[in-house]
Amino acid sequence: MNIAYRFRIYPTEEQKILLGKTFGCCRFLYNQMLNDKIQEYEKTKKMLRNTPAMYKKEYPFLEEVDSLALANVQLHLEKAYKNFFRDPKVGFPKFKSKHHSRNSYTTNVVNGNIQVESKRIRLPKLKWIAMKKHREPTEGLCLKSVTVSMEPSGKYFASLLYEGYSCENQATEPDYSTAKILGIDYAMQGMAVFSDEVETEEAGFFRKNEKRLVREQRKLSRCIRGSHNYELQKKKVARCHEKIRNQRRDYLHKLSRKIADGYDAVAVEDIDMKAMGQCLHFGKSVQDNGYGMFREMLDYKLAWQGKKMVKVDRFYPSSKKCCKCGRIKKELKLSERVYRCACGNEMDRDRNAAINIREEARRMLTA
């Protein structure tokens, strides 16, 4: 398995200029290669096999930056094409915008061109850059590539990708008929409801910081676009968004780690979060909860420990089924938040669904 470690770096002013050039060259080359592919296909109905070397004579400024960064641009474009032909719903590759695209580039390790020490990192063309290495990678890993990125707030980060990470494979699978399994049902309030009592904090970090964000965005709207004050205020707004994102990720990381350590398997409902965000005006709440991100974190942390995540079919009647007697209601309105059954069972609707998801996963694992 591959594992990435993300550290903050502190480039000098000269290094920031070169990083900006590298971001711009990668974006320019991506757009140029994509445009040439489109034009060639319109003329000949054939795919153009273009490479970064084909553009260096016409655009000599491309030679000022890391050649491996440009080579990865080609790989990213080819991957975008493959994803489109594999699943057209992904969408055709789009041109990168200077103001709205993510500023980043990836470079590979070749003949020791990248070196990592306790407080600094050496990158091609940039030499040594100060780095805050807040934790040490697992021993025995091999550095594969480094992705350098700049956040809208002006902070720089380096993501170090290592290969050779081995998960803790269990010698024998546990007896799932008696194993400790946790069922999770998505909920608009609090992100999720669990089949067992799990201590959680109050989420909704966007809602908590919304007033401050609105205030900073109002100030930005009154600034003259392109002025010095506009750029300063734009960074303040970016820092607000960054704080909300960091709070959400920190909370989800801690919660997923606690669950992965405490259970043998986890059962979730296989729901489409993108579709959920587009229906009934739930977009802001769905994105604020970060439930899709939470499932991804939980999935790979369970895999690291040799444990399983079971995805129950989205059409399984987890909400309509009574967890006590198994009776299924024909109709259940979304406004009914308490589940009441003829057998006398009366409990929270989402908790009932979480228990049903847990038992369905147990049945699937023992089948």
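As shown above, the structure is provided for reference.
Residues numbered from 1 in each chain as written. Predicted model: local features only at pLDDT ≥ 70, side-chain atom pairs only at ≥ 80, totals over all residues. Heavy atoms only, no water.

Caption draft 1: A look at the overall build of the chain. Tallying secondary structure elements over the chain gives nine helices and 13 strands in all. Expressed as lengths along the three principal axes of its C-alpha atoms, the size of the chain is roughly 80 × 55 × 50 Å. A fraction of 68% describes how many contacts in the chain between residues 6 or more apart in sequence connect residues 24 or more apart. Summed over all atoms, the accessible surface of the chain reaches about 22000 Å², with 49% contributed by carbon and sulfur. Mean positive and mean negative side-chain charge positions of the chain (73 and 46 charges, respectively) differ by 5 Å. (Helix = DSSP H or I, 4+ residues; strand = E, 2+ residues; numbered from the N terminus. Contact = heavy atoms within 4.5 Å. Areas by Shrake-Rupley, 256 points an atom, 1.4 Å probe, with all protein chains shown as cover. Lys, Arg positive; Asp, Glu negative; His and termini not counted. Charge placed at Lys NZ, Arg CZ, Asp CG, Glu CD.)

Caption draft 2: Layout of the pairing of strand E5 (residues 127–132). Pairing geometry for strand E1 (residues 2–10) and E5, over three bridges, is antiparallel. Each residue of the ladder has a partner; that of Arg8, found in E5, is Lys132. Pairing of strand E4 (residues 120–123) with E5 involves four bridges; the strand directions are antiparallel. The partner of Ile121 across the bridge, within E5, is Ile129. (Pairing = 2+ DSSP bridges.)

Caption draft 3: Region of interest: a positive patch on the surface. A cluster of basic residues, Arg212, Arg215, Arg218, Lys219, Arg222, Lys235, Lys236, Arg239 and Lys243, forms a positive patch on the protein surface. Counting only elements with at least two residues in the positive patch, the list comes to helix H4 (210–222) and helix H5 (228–262). Per element, the largest residue contribution to the positive patch is five residues, and it comes from H4. Its place among the elements puts Arg239 in helix H5. (Patch = residues over 30% accessible without salt bridge, like charges linked within 9 Å, V, L, I, M, F, W, Y side chains within 5 Å. Salt bridge = Lys/Arg side-chain N within 4 Å of Asp/Glu carboxyl O.)

Caption draft 4: Just the packing of helix H1 (residues 13–44) against helix H2 (residues 67–86), in detail. Remark: H1 packs on H2, axes separated minimally by 9 Å, with the N-to-C direction vectors making an angle of 45 degrees. With respect to H2, the element H1 is oriented oblique. For the pair H1 and H2, the crossing hand works out as right-handed. Residues Thr22, Cys25, Cys26, Leu29, Tyr30, Met33, Leu34, Lys37 and Ile38 of H1 pack against Ala69, Leu70, Val73, Gln74, His76, Leu77, Ala80 and Tyr81 of H2. (Axes fitted to C-alpha atoms, helices over the stretch in contact; angles between N-to-C directions. Parallel < 35°, antiparallel > 145°, perpendicular 65-115°, else oblique. Left-handed = near helix turned anticlockwise from the far one by under 90°.)

Caption draft 5: A look at the sheet that holds strand E6 (residues 142–150). Taken in spatial order, the seven strands of this open sheet run E2-E6-E7-E1-E5-E4-E3, and their pairing is antiparallel. Since the sheet does not close on itself, it has two edges, and those belong to strand E2 (103–108) and strand E3 (115–116), each with one partner. Sheet strands touched by H1: E2, E5, E6 and strand E7 (156–163). Its angle to E2, the strand with the most contacts, is close to 90 degrees.

Caption draft 6: Representation of the side chain of Glu269 within the structure. By the secondary structure assignment, Glu269 is in strand E10 (residues 265–269). Each residue touching Glu269, except ones within four places of it in the same chain, is listed here: Ile184, Asp185, Arg295, Val312, Asp313, Arg314, Tyr316, Ser318 and Ile357.

Caption draft 7: Just the pattern of salt bridges, in detail. Enumeration over the complete set of coordinates arrives at 17 salt bridges. Residues Arg257 and Asp261 are paired through a salt bridge, measuring 3.2 Å at the closest nitrogen-oxygen approach. Here Arg257 and its partner Asp261 are both found in helix H5, four residues apart, which amounts to about one turn of the helix. Arg257 sits in the partly exposed class, given a relative accessible area of 28%. One salt bridge connects Glu346 with Arg340, and the closest N-O pair in it is separated by 3.6 Å. Classification of Glu346 as exposed rests on a relative accessible area of 52%. (Buried < 20%, exposed > 50% of the residue type's maximum accessible area, 1.4 Å probe, protein only.)

Caption draft 8: Quick look at the sheet that holds E10. The sheet built from four strands is open, its strands ordered E9-E8-E10-E11 with mixed pairing. A strand with exactly one partner marks an edge of an open sheet, and here the two such strands are strand E9 (192–194) and strand E11 (308–312). Within the sheet, the average angular offset between the axes of one strand and its neighbour, ignoring direction, is 25 degrees. Bridge count for E10 against E11 is five bridges, and the pairing is parallel. Note on E11: the bridge partner recorded for Ala267 is Val310.

Caption draft 9: Looking closely at the packing of H5 against helix H8 (residues 291–304). As a packed pair, H5 and H8 sit with axes 9 Å apart at the nearest point and diverge in direction by 40 degrees. Taken as axis vectors, H5 and H8 run oblique relative to one another. With respect to the hand of their crossing, H5 and H8 are arranged in right-handed fashion. From H5, Arg249, Leu252, His253, Leu255, Ser256, Arg257, Ile259 and Ala260 reach across to H8, where they touch Met293, Phe294, Met297, Leu298, Tyr300, Lys301, Leu302 and Trp304. When the residues that make up the contact of H5 with H8 are grouped by side-chain class, the tally is 11 nonpolar, two polar and three charged. (Nonpolar A, V, L, I, M, F, W, Y, C, P; charged D, E, K, R; others polar.)

Caption draft 10: View of the nonpolar core. Counting residues in each nonpolar core, the largest one holds 40 residues, and the members touching the most others are Ile9, Tyr105, Ile121, Leu123, Val146, Val148 and Leu160. In terms of residue count, the dominant contributor to this core is H1 (nine residues). Ignoring sequence-local partners within four residues, the contact set of Val148 consists of Ile9, Leu19, Phe23, Asn103, Ser104, Tyr105, Leu123 and Phe157. (Core = buried A, V, L, I, M, F, W, Y, C linked by side-chain atoms within 4.5 Å.)

Caption draft 11: Here's a closer look at the packing of aromatic side chains. All told, the structure shown has 14 aromatic pairs when counted by the stated rule. Ring centres of Phe23 and Tyr105 lie 5.9 Å apart, and the angle between their planes is 55 degrees; on these two criteria the pair is classed as tilted. In this pair, Phe23 sits in helix H1 while Tyr105 sits in strand E2, placing the two residues 82 residues apart along the sequence. Accessibility assignment for this pair places Phe23 and Tyr105 in one class, buried. Seen from their ring centres, Tyr81 and Phe92 are 5.5 Å apart, and the 80 degrees between their planes marks the pair as edge-to-face. With Tyr81 in helix H2 and Phe92 in the loop between H2 and E2, the pair connects residues that are 11 residues apart, well separated along the chain. Exposure remark for Tyr81: the relative accessible area of 7% places this residue in the buried category. In this structure Phe92 comes out as partly exposed when scored by relative accessible area, which is 35%. Joined through ring pairs, the aromatic side chains of Tyr81, Phe84, Phe85 and Phe92 make up one cluster. (Phe/Tyr/Trp six-rings, centres within 6.5 Å; stacked < 30°, edge-to-face > 60°.)

That's the geometry; what it means functionally is another story.
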